Amino acid sequence: MYFSKHNKDVVYINHYSGLLEVEGNGPLLREDSEVRPESENWQEDYNVLSVTEGITSLEEGYLESFPNIDCLILSRSVISVHVSEELEMRFRKRRVLIRGEYETFAEEFATEKKLKFLHCDIPLATDVDEVHKERDIITLRFHVKGAPDIHHNVFTPGSSAGSYGGGEYASELPRNFYAGLTVEGFADRFPERLREQLTGNAMLRRFLEAANRRVSKK
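Residue numbering note: each chain is counted from 1, following its sequence as written. Where local features are concerned, this predicted model is filtered to residues with pLDDT of at least 70; where side-chain atom pairs are given and counted, the filter is 80 or more; whole-chain, interface and lining totals use all residues. Side-chain metrics rest on all non-hydrogen atoms present in the structure, leaving aside hydrogens and water.

1. Notes on the overall build of the protein chain
In step 1: For the protein chain, the helix and strand inventory stands at 5 helices and 15 strands.
In step 2: Computed over the C-alpha atoms, the radius of gyration of the protein chain is 19 Å, within 12% of the 17 Å expected from 2.2 N^0.38 for a compact globule of 218 residues.
In step 3: With the C-alpha coordinates of the protein chain rotated into their principal frame, the extents come out at 55 × 50 × 30 Å.
In step 4: Of all 218 residues assigned to the protein chain, the portion counted as buried reaches 44%.
In step 5: In this description, contact between two residues means that some pair of their heavy atoms is separated by no more than 4.5 Å. Contacts spanning at least 24 positions in sequence make up 46% of the contacts within the protein chain whose residues lie at least 6 apart.
In step 6: Accessible area of the protein chain: about 12,400 Å², with a carbon and sulfur share of 48%.
In step 7: Think of it this way: Lys and Arg go in the positive column, Asp and Glu in the negative one, and His and the chain ends go nowhere. Every charge is mapped to an atom, namely NZ of Lys, CZ of Arg, CG of Asp or CD of Glu. Each charge sign in the protein chain was given a centre, from 28 positive and 37 negative side chains, and these centres are 6 Å apart. Under the scheme used here, helices are H or I runs from DSSP no shorter than 4 residues and strands are E runs no shorter than 2 residues, and both carry numbers assigned from the N terminus. The globule rule used here is 2.2 Å times the number of residues to the 0.38 power, and the radius of gyration it is set against is calculated over C-alpha atoms. Accessibility here uses a 1.4 Å probe with only protein chains present; expressed as a share of the type maximum, an area under 20% marks a residue as buried, one over 50% as exposed, and anything in between as partly exposed. Using a 1.4 Å probe, the Shrake-Rupley method yields the accessible areas, and only the shown protein chains count as cover for residues.

Quick look at the structure:
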């Protein structure tokens, strides 16, 4: 984890998969990429930058701080991203993928800059099995190549303190699984104990409504 020297509210959560999440409020400035603890060229370690809810813009010079980005995920709160002509050309050359929700700035940005767009993954629900002390984090995932799927990341207690077991698995969906589907109909495919989480999932509801508007226009 890194903390911006310039803005105490800007925090970077780093993942070994090459994903870097940035949390905060308001605009991200060039200076926000200067962090503590200090680590030389730390930005070069990540190829996916996820800008989370609360951040409103990426200002001049900010994205230049991350030279190896090939996927940029923008939350729906982002309404402005500054890219120089040089950076725009670099993005096209690297075929940078833009991800976000349908009908938000992320999709507009991808269209304007002639970059590929893919809907962001949707956290669906967390299924807790108290009897077996098991927790299953369920996500609807989209892929550039291949069909969407439902991903399960299961955590279970291990045989010793601080040890955790579990595993991951995914169930593939038809590419047009959403056609004619409401959030209530989607929830019907899961155990009843998850229904409240699923029907109350605003991102899922927005996706299904937007995706079906697109189907009706074809």
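2. Things to note about unusual backbone geometry
In step 1: A cis amide bond, omega -5°, links R36 with the succeeding residue P37.
In step 2: Within the secondary structure layout, P37 lies in the loop between β5 (35–36) and β6 (48–51).
In step 3: Even without glycine at this site, R95 takes up a positive phi of about 55°.
In step 4: Along the polypeptide, R95 turns up in the loop between α1 (85–94) and β10 (97–100).

3. A closer look at the pairing of strand β7 (residues 55–58)
In step 1: Strands pair, by our definition, only if DSSP identifies at least two bridges between them. Where strand β4 (residues 26–28) meets β7, 3 bridges bridge the pair, whose relative direction is parallel. Residue P27 lies in a different strand from β7, and its bridge partner there is S57.
In step 2: The pairing of β7 with strand β9 (residues 80–81) spans 2 bridges and is classified as parallel. When the bridges of β9 are listed, L58 appears paired with V81.

4. As for the pairing of strand β12 (residues 122–129)
In step 1: The pairing of β12 with strand β13 (residues 134–141) spans 7 bridges and is classified as antiparallel. Of the residues in β13, the one forming a bridge with D129 is E134.
In step 2: Between β12 and β13, which follow one another and run antiparallel, lie 4 residues, and K133 among them has a positive phi close to 55°.

5. Considering the packing of aromatic side chains
In step 1: Put simply, two rings from Phe, Tyr or Trp (the six-membered ring, in Trp's case) pair if the centres are within 6.5 Å, and we call them stacked under 30 degrees between planes, edge-to-face over 60, tilted for the rest. The tally for this structure, following the rule as stated, stands at 15 aromatic pairs.
In step 2: Centre to centre, the rings of Y2 and W42 are 4.6 Å apart; their planes meet at 35°, and the pair counts as tilted. Of this pair, Y2 sits in strand β1 (residues 2–4) while W42 sits in the loop between β5 and β6, placing them 40 residues apart in sequence. We note that Y2, like W42, is buried.
In step 3: Aromatic pair Y102 and F207: ring centres 5.9 Å apart, planes at 25°, arrangement stacked. With Y102 in the loop between β10 and α2 (105–112) and F207 in helix α5 (residues 202–217), this pair connects stretches of sequence that are 105 residues apart.
In step 4: Here Y102 falls in the partly exposed class, since its relative accessible area comes to 22%.
In step 5: Judged by relative accessible area, which is 1%, F207 ranks as buried.
In step 6: Taken together through their ring pairs, the aromatic side chains of Y102, F117, F142, F177, Y178, F186, F190 and F207 make up a single cluster.

6. Overview of the pattern of salt bridges
In step 1: Salt bridge criterion: a side-chain nitrogen from Lys or Arg within 4 Å of a carboxyl oxygen from Asp or Glu. Applying the stated rule across the entire model yields 14 salt bridges.
In step 2: Its salt-bridge partner being E103, residue R213 comes within 2.7 Å of it at the nearest N-O pair. Of the two residues, R213 sits in helix α5 while E103 sits in the loop between β10 and α2, which places them 110 residues apart along the sequence.
In step 3: With relative accessibility at 37%, the residue R213 sits in the partly exposed group.
In step 4: Here R205 and E184 are joined by a salt bridge, their closest N and O atoms 3.3 Å apart. Of this pair, R205 sits in helix α5 while E184 sits in helix α3 (residues 183–187), placing them 21 residues apart in sequence.
In step 5: Bridged by salt links that share partners, the residues E88, R92, E112 and K113 form one connected network.

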